[in-house]
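What the coordinates show
The chain contents come next:
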Amino acid sequence: MLGRRKIFYYLLFLLGTFLLVGTVFKLGPSEVGRSFLRADFKFIGAGIVIYLGAVTFRSLRWYVLFRRLHQKIGYFRFLPTYFVSLMIGNLTPFKSGEVIVPYLFKKNLKSKVGKGFTLILFDRFFDILILVLCMAMSFALIGAKVDLPDVVRNLFWVAVLLFSLILALIILIFGLRNQSQRFFRRLALKSRKRVFWQKTFRWFSRELGNFHQGIDLLKGSLIGYLIALLAVFSWACEFFAFYFFVRSVLDVPFWLILAFQVLSIGIGIISFIPAGTGVGTISFVFLISLTGYSVVDAGAGGITAKVISILIIYLAGISGLIFTRSLSRKARPHAKV
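**A few points about the overall build of the protein chain**
Counting its regular elements, the protein chain contains 13 helices and zero strands. From first element to last, N terminus to C terminus, the protein chain shows the α and β order α-α-α-α-α-α-α-α-α-α-α-α-α. Out of the 337 residues in the protein chain, the part that is buried amounts to 50%. Nonlocal contacts in the protein chain, meaning residues at least 24 apart in sequence, comprise 77% of its contacts between residues at least 6 apart. Accessible surface, the protein chain as shown: approximately 17700 Å² in total, 70% of it carbon and sulfur.

Quick look at the structure:
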């Protein structure tokens, strides 16, 4: 079953890549190439630096949460595992692959699985909250200045509804402490004659306890404000990086690029294609076409942003994978080869 799921994820990623390549051919490879060669590479350089800043702020969010929930650990010891988790999240639809990240933490950093889920859900709460607020402001801003097609308006409401449901689910999970643990304890008692299921239900009950212990550690502290601030910084860096990539080939006001980018991110996420590859770029190009700006230049800027961000994420992820495997081998010096 796991193999089929991986194949499904890879097919979706290939579909996104196909859409990205298809966008280039639709706009004209030679025209896109000429637009890129005319780019101001100072803006591209600034975009790369700022995007690295976005990755850094995101890693700091996870690191601060990890330190609060688990044992003390150095930032550079934590970073390789974070890079692997970042790559996994961008390989899977809606970052669904992050469900295995707590197990990576357990394997590489000796942490508890339940608290790993606390980290992910707490971090994701702020991500979705910021994205919903930005989408609402962008939609209001663009709707007042650009005649958006009905399909874009409908996709906006679908995205807002989906994100709102996810926020509500996260809040519900945080609140159902006693009920969830009591449920799995009862299942364990009813499965006394079936050892495997009894152990499984006890494991769930134990990890739910760890999950809610993590929530208790986050309550009554300033950690939420710090994570919210780091989330704002990371999203701001991502927005500015995208602006500089597009601005390198197309002189467009910042507010317009920002609003279209936010709406494109939302459309890319609900497409269920990993990292919105292809769909986000197509959406951005389509929205730009409504304003009279050059779609070829917008496509060149959007494709540059997507390709560079993917390269940074996967280079970081592969580096993290190599480093964590190296550490694992050193921890088992007498293991048979």
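Next comes the rest of the description.
**Points about the packing of helix H5 (residues 101-109) against helix H6 (residues 113-145)**
At a minimum axis distance of 8 Å, the contact between H5 and H6 shows a crossing angle of 130°. Judged by the inter-axis angle, H5 sits oblique to H6. Remark: the crossing between H5 and H6 carries right-handed chirality. Across from Val 101, Pro 102, Tyr 103, Phe 105 and Lys 106 in H5, the residues of H6 making contact are Val 113, Gly 116, Phe 117, Leu 119 and Ile 120. Of the residues contributing to the contact of H5 with H6, the split by class is eight nonpolar, one polar and one charged.

**Examining empty space enclosed by the protein**
Scanning all chains against the criterion turns up two cavities of 30 Å³ or more. Counted as a void, the second largest cavity has a volume near 40 Å³. What lines the second largest cavity is simply Met 135, Val 152, Leu 155, Phe 156, Ala 159, Leu 263, Gly 266 and Ile 267. Sorting elements by how many residues they give to the lining of the second largest cavity places helix H7 (residues 150-175) first, with four residues. Looking at the lining of the second largest cavity residue by residue, the classes come out as seven nonpolar, one polar and no charged.

**A few points about the environment of Leu 86**
By secondary structure assignment, the location of Leu 86 is in helix H4 (residues 75-91). Of the residues examined, Leu 86 reaches a relative accessible area of 10% and is grouped as buried. Once the C-alpha coordinates of Leu 86 and Val 55 are considered, the two residues, 31 residues apart in sequence, prove to be 9.0 Å apart. Once residues within four sequence positions are removed from consideration, Leu 86 is found in contact with Val 55 and Ile 313.

**Points about the pattern of salt bridges**
Applying the stated criterion to the full structure yields nine salt bridges. Notably, a salt bridge pairs Lys 42 with Asp 40, separated by 3.3 Å at the nearest N-O pair. One salt bridge in this structure joins Asp 123 and Arg 61, with 2.7 Å as the shortest N-O distance. Here Asp 123 is found in helix H6, whereas its partner Arg 61 is found in helix H3 (residues 41-69), with 62 residues between them in sequence. Through salt bridges that share partners, Arg 58, Arg 61, Asp 123, Arg 124, Asp 127 and Glu 238 make up one connected network.

**Examining the side chain of Ser 111**
With respect to the helices and strands, the residue Ser 111 is situated in the loop between H5 and H6. In this structure the side chain of Ser 111 is engaged in a polar contact, spanning 3.3 Å, whose partner is the backbone oxygen of Phe 105. Filtering out sequence-adjacent residues up to four positions away, Ser 111 remains in contact with Phe 66, His 70, Pro 102, Phe 105 and Lys 106.

**A look at the confidence of the model for the protein chain**
Averaged over all residues, the pLDDT of the protein chain is 78; the fraction at 70 or higher stands at 73%. Mean pLDDT across the elements of the protein chain bottoms out in helix H9 (residues 195-218) (59) and peaks in H3 (92).

**Details of a nonpolar patch on the surface**
Taken together, the side chains of Phe 36, Leu 37 and Phe 41 present a nonpolar region at the surface, about 320 Å² in accessible area. Following the sequence through the fold, Phe 36 ends up in helix H2 (residues 29-37). For Phe 36, a relative accessible area of 32% translates into the label partly exposed.

**Notes on unusual backbone geometry**
Look at Lys 110: it is not a glycine, yet its phi comes out positive at around 60°. Classification of Lys 110 by relative accessible area gives exposed; the value is 65%.

**A few points about the packing of aromatic side chains**
Applying the stated rule across the entire model yields 20 aromatic pairs. Counting every residue linked through ring pairs, the aromatic cluster contains Trp 62, Tyr 63, Phe 66, Tyr 75, Phe 76, Phe 78, Tyr 82, Phe 83 and Phe 105. Taking the ring centre of Trp 235 as reference, the NZ or CZ of Arg 58 above it sits at 4.8 Å.

**Here we look at helix H12 (residues 279-289)**
Taken across its eleven residues, H12 has eight buried, putting it largely inside the fold. Those residues of H12 that sit buried are Val 279, Gly 280, Thr 281, Ser 283, Phe 284, Val 285, Leu 287 and Ile 288.

**So, the packing of H4 against H5**
Relative orientation of the contacting elements H4 and H5 amounts to 155°, with a least axis distance of 10 Å. As judged from the angle between their axes, H4 and H5 are roughly antiparallel. In this structure, the crossing between H4 and H5 has a hand that is right-handed. Together, Arg 77, Phe 78, Thr 81, Val 84, Ser 85 and Ile 88 of H4 and Val 101, Leu 104, Phe 105, Asn 108 and Leu 109 of H5 make up the contact between the two elements. In the contact of H4 with H5, the residues fall into seven nonpolar, three polar and one charged.

What counts and how
Residues numbered from 1 in each chain as written. Predicted model: local features only at pLDDT ≥ 70, side-chain atom pairs only at ≥ 80, totals over all residues. Heavy atoms only, no water. Helix = DSSP H or I, 4+ residues; strand = E, 2+ residues; numbered from the N terminus. Buried < 20%, exposed > 50% of the residue type's maximum accessible area, 1.4 Å probe, protein only. Contact = heavy atoms within 4.5 Å. Areas by Shrake-Rupley, 256 points an atom, 1.4 Å probe, with all protein chains shown as cover. Axes fitted to C-alpha atoms, helices over the stretch in contact; angles between N-to-C directions. Parallel < 35°, antiparallel > 145°, perpendicular 65-115°, else oblique. Left-handed = near helix turned anticlockwise from the far one by under 90°. Nonpolar A, V, L, I, M, F, W, Y, C, P; charged D, E, K, R; others polar. 1 Å grid on protein atoms, 1.4 Å probe; cavity = no way out; pocket = protein on both sides within 12 Å on 5 of 7 lines; lining within 4 Å. Points joined across faces, edges and corners; volume = space filled by probe spheres on them. Salt bridge = Lys/Arg side-chain N within 4 Å of Asp/Glu carboxyl O. Polar contact = N/O pair within 3.5 Å; in protein donor to acceptor, adjacent residues only side chain to side chain. pLDDT = per-residue confidence, 0-100. Patch = residues over 30% accessible without salt bridge, like charges linked within 9 Å, V, L, I, M, F, W, Y side chains within 5 Å. Phe/Tyr/Trp six-rings, centres within 6.5 Å; stacked < 30°, edge-to-face > 60°. Lys NZ or Arg CZ within 6 Å of the ring centre and 35° of its normal.

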